[in-house]
Amino acid sequence: MTASVRPVPALLGLPVVTGATAGACVVALAGLGAAGHGGFATEPAGTLALAVAAVAAAVAASRLARSGHRAAGRLAAGLAASLLAYLGFAVLAVATVAAGHRWAGPAVAAWNSAWIPPLALLQLTASAAVRTGTVTPKAHRYVGLVLGAATLVNALLTTATEPFDGLPTIAGESWRTAFAPVGAAVTLLGVAALLLLPVTLWRAALGSHHTVRARLGVAAAATTAAPMTVVFCLLLAIARAPGDVEPSLGSVAFLVALSGTAVFAVACAVTAARGATEPRRAGTVVRATGLAAAALLVVGVGTLVAAPGSSLGPTSVALVVSALTVVVGGGAWAGTGRLAALLTAAPAVPAVAPVTPRGGAEGTAVGDAPPDAGTPDAAGTADVVETTGPGRAAVEAAPDASGAAVHAPASAGAGVPAPASAGVVPESVGPVPASVGGLTAREREVLAALAEGASNAGIAAQLVVSERTVDAHLRAIFVKLDLTPGGDTNRRVRAARIWLEHARQRR
């Protein structure tokens, strides 16, 4: 499901402003670097990468705004602003240190902490792209609060002894940290915060089906890139000691990685916000994420093996790294291929059996299960709590009277029946028990997401509500649609078919 609200006019000209500001910062840093100031902070590779990422985020913000995704657009604009702030703080820090200004220390501290907000904002942008409504999810508040605190604590407690010789994690000898236990605790909380959205979105994606699963999977892959960037930073620290890699070179590599992660995340956000995610794009995103993780593992282990203190000779090191690359790379390729196929698999829909009404509103439609079908609809909410696992449709396939599986068609969009090209035949679903006109706006959104193939977790992720709230809405929907619990009715299937029939009749 996608939001349908007015675009944000202020964001439409953002790419031009961002490009001009980023260009000015790059030129200023290039001038300072030419004068022999700034170390890795003025390296063209890092500054240009940050500038490109800022412009990419601004373009994404403009596109998201035009498509009506106001929250995601604003977060993408915030990401662009945070990347520009990183460049701006670099200019300020290098200039004040070069001039011996008394504000050099605070400027360096601010610059040293400016890489944290982009990680939070790129996650929030991708997550917001698949959500509807104006309510801010609690998970978003937690991520913003914890990483904001981490930024502040890092700025206050970390002091440079050798500015611009490398980031603290990479070149620890160039920095000192006051109240180290406090800094370590906040760092652990920050890492936990970066894992929250990936776990939530992957769970929602794998419990949903087809179009919804692909969209949520793309957003989940984008949010996963943030903790992977942190892992890359830690691997650079390993490369520094015992790897003996130049800290400035490692820090430039981190800036490039951060910029690439931001571009990847906003591209995923724009893709997920379109609604129907093409299988090819979803597969590419998943493969890219998995292979990047495999590459990080190979680089980390390879650095340890090739460290100057290692007892292995050059030939042995080459053999170990080559074998590791084949095993890890091959495993990542196969694993991400299976995951991509799972996220983009279309539901198998055989020929739709004719409907045999049993009188009135309780006629048995295709997809209803007989008493011995093995999917009883017990009293209460046995069929509201998810019965689907990864790889199965949220709109369950239920056996008909002959025991053959008959599937309820999943829609290709929010409440719109899937096209014939998807293999779904829009046959009649029989008598409708009740009109959807009696549903509230929120209940309609829940029912549309259910018909689209979303699991309870997927519905909750898109509508920014808890799964308990989704459960309550489904209870109310079943009552209003006169779908009473019983052994011969699968209410999720019936409710989804009612919505699809309603959407088709309105066209």
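Rules behind the numbers
- Residues numbered from 1 in each chain as written.
- Predicted model: local features only at pLDDT ≥ 70, side-chain atom pairs only at ≥ 80, totals over all residues.
- Heavy atoms only, no water.
- Helix = DSSP H or I, 4+ residues; strand = E, 2+ residues; numbered from the N terminus.
- Buried < 20%, exposed > 50% of the residue type's maximum accessible area, 1.4 Å probe, protein only.
- Contact = heavy atoms within 4.5 Å.
- Areas by Shrake-Rupley, 256 points an atom, 1.4 Å probe, with all protein chains shown as cover.
- Polar contact = N/O pair within 3.5 Å; in protein donor to acceptor, adjacent residues only side chain to side chain.
- Axes fitted to C-alpha atoms, helices over the stretch in contact; angles between N-to-C directions.
- Parallel < 35°, antiparallel > 145°, perpendicular 65-115°, else oblique.
- Left-handed = near helix turned anticlockwise from the far one by under 90°.
- Nonpolar A, V, L, I, M, F, W, Y, C, P; charged D, E, K, R; others polar.
- Phe/Tyr/Trp six-rings, centres within 6.5 Å; stacked < 30°, edge-to-face > 60°.
- pLDDT = per-residue confidence, 0-100.
- Patch = residues over 30% accessible without salt bridge, like charges linked within 9 Å, V, L, I, M, F, W, Y side chains within 5 Å.
- Salt bridge = Lys/Arg side-chain N within 4 Å of Asp/Glu carboxyl O.
- Core = buried A, V, L, I, M, F, W, Y, C linked by side-chain atoms within 4.5 Å.
- Expected span 1.5 Å × (residues − 1).
- Arc of directions from axis to C-beta.

Trainee: Whenever I open this one, the overall build of the chain confuses me. Can you help?
Mentor: When helices and strands are counted, the chain shows 16 helices and four strands. Within the chain, buried positions represent 50% of all 507 residues. In the chain, once contacts between residues fewer than 6 apart in sequence are set aside, the share between residues at least 24 apart is 77%. Looking at the chain as shown, the accessible area adds up to about 20,900 Å², and 67% of this sits on carbon and sulfur atoms.

Trainee: Just to check I follow, could you spell out unusual backbone geometry for this structure?
Mentor: With the exception of glycine, the majority of residues adopt a negative phi angle, and the majority of peptide bonds are in the trans configuration. The backbone phi angle of F164 is positive, close to 65°, even though this residue is not glycine. Position of F164 among the secondary structure elements: in the loop between β1 (158–160) and β2 (175–177). A positive phi angle, close to 60°, is found at D482, a residue other than glycine. Along the chain, D482 falls in the loop between α15 (467–480) and α16 (491–506).

Trainee: Just checking my understanding: could you explain the side chain of T224 for this structure?
Mentor: The topology assignment puts T224 in helix α9 (residues 210–240). In this structure the side chain of T224 is engaged in a polar contact, spanning 3.0 Å, whose partner is the side chain of W202. If near-sequence neighbours (up to four positions away) are discounted, T224 is found in contact with P198, W202 and T289.

Trainee: When you look at the packing of helix α3 (residues 44–66) against helix α10 (residues 247–273) in this model, what are you seeing that I'm missing?
Mentor: Each pair of packed helices can be summarised by the angle the axes make with each other and by the distance between the axes. Direction vectors running N to C along α3 and α10 enclose 15°, while the axes themselves pass 8 Å from each other. Compared by their axis directions, α3 and α10 come out roughly parallel. For the pair α3 and α10, the sense of crossing is left-handed. Contacts from A45, G46, A49, L50, A53, A56, A57, A60, R63 and L64 in α3 reach V252, L255, V256, L258, S259, A262, V263, V266, A269, V270 and A273 in α10. Of the residues contributing to the contact of α3 with α10, the split by class is 18 nonpolar, two polar and one charged.

Trainee: So what exactly am I meant to see when it comes to the packing of aromatic side chains here?
Mentor: What characterises a pair of aromatic rings is the spacing of the ring centres plus the angle enclosed by the ring planes. For the structure on display, the rule yields three aromatic pairs. Relative to W111, the ring of F40 lies with its centre 5.6 Å away and its plane at 45°, an arrangement referred to as tilted. Here W111 lies in helix α5 (residues 104–113) and F40 lies in the loop between α2 (14–34) and α3, a separation of 71 residues in the sequence. Classification of W111 as buried rests on a relative accessible area of 2%.

Trainee: Looking at this structure, how should I read the environment of G330?
Mentor: The topology assignment puts G330 in helix α12 (residues 314–344). Sequence spacing of G330 and L291 is 39 residues, and the spatial spacing of their C-alpha atoms is 9.2 Å.

Trainee: Explain helix α14 (residues 456–463) here, please?
Mentor: Owing to its 3.6 residues per turn, the α-helix brings residues three or four apart onto one side. Of all eight residues in α14, eight are buried, a share of seventy percent or more. The set of residues buried in α14 consists of N456, A457, G458, I459, A460, A461, Q462 and L463. V464 lies just past α14 and shows a positive phi near 60°.

Trainee: Can you walk me through the confidence of the model for the chain in this structure?
Mentor: Predicted coordinates in regions of low pLDDT should not be interpreted in detail. Residue-level pLDDT values for the chain average 76, and 74% of them are 70 or greater. Considering only residues more than four positions removed or in separate chains, one finds that residues 349–434, a stretch of pLDDT under 50, has 183 contacts.

Trainee: Whenever I open this one, a nonpolar patch on the surface confuses me. Can you help?
Mentor: Side chains of V191, L195 and V199 sit close together on the surface and give an oily, nonpolar patch of about 240 Å² of accessible area. A residue is classified by how much of its surface remains accessible, and V199, at 55% relative accessible area, is exposed.

Trainee: Help me out: how do you make sense of the environment of T284 in this one?
Mentor: Examined against the element boundaries, T284 turns out to sit in helix α11 (residues 279–305). The exposure class of T284 is partly exposed, given its relative accessible area of 47%. Between the alpha carbons of T284 and V218 there is a distance of 9.4 Å; along the sequence they are 66 residues apart.

Trainee: Looking at this structure, I do not really get the nonpolar core. What am I missing?
Mentor: Within soluble globular proteins, side chains that are nonpolar tend to cluster in buried spots. Y86, W111 and L447 are the most contacted members of the largest nonpolar core, which has 117 residues in total. Considering each element in turn, this core owes the most residues, 15 residues, to α9. Those residues within four positions of L447 in sequence are excluded, and the remaining contacts are V436, L439, I477, L481, A495, A496 and W499.

Trainee: Sorry if this is basic, but what is going on with the pattern of salt bridges here?
Mentor: Opposite charge on two side chains allows them to pair when their charged atoms are near. Applying the stated criterion to the full structure yields four salt bridges. With its nearest N and O atoms 2.8 Å apart, the salt bridge here joins E445 to R442. Of this pair, E445 and R442 both sit in helix α13 (residues 441–452), three residues apart, which is roughly one turn of the helix. E445 sits in the partly exposed class, given a relative accessible area of 29%.

Trainee: In this structure, what is going on with α15? I would like to understand it.
Mentor: Here α15 spans 20 Å end to end across 14 residues, near enough to the 20 Å set by a 1.5 Å rise per residue. Within the span of α15, buried status applies to V470, D471, H473, L474, I477 and F478. Buried residues of α15 fall within an arc of 165° about the axis and therefore sit on the same side. Of the exposed residues in α15, the ones pointing more than 90 degrees away from its buried face are R468 and V479. Just past α15, the residue D482 takes up positive phi, approximately 60°.

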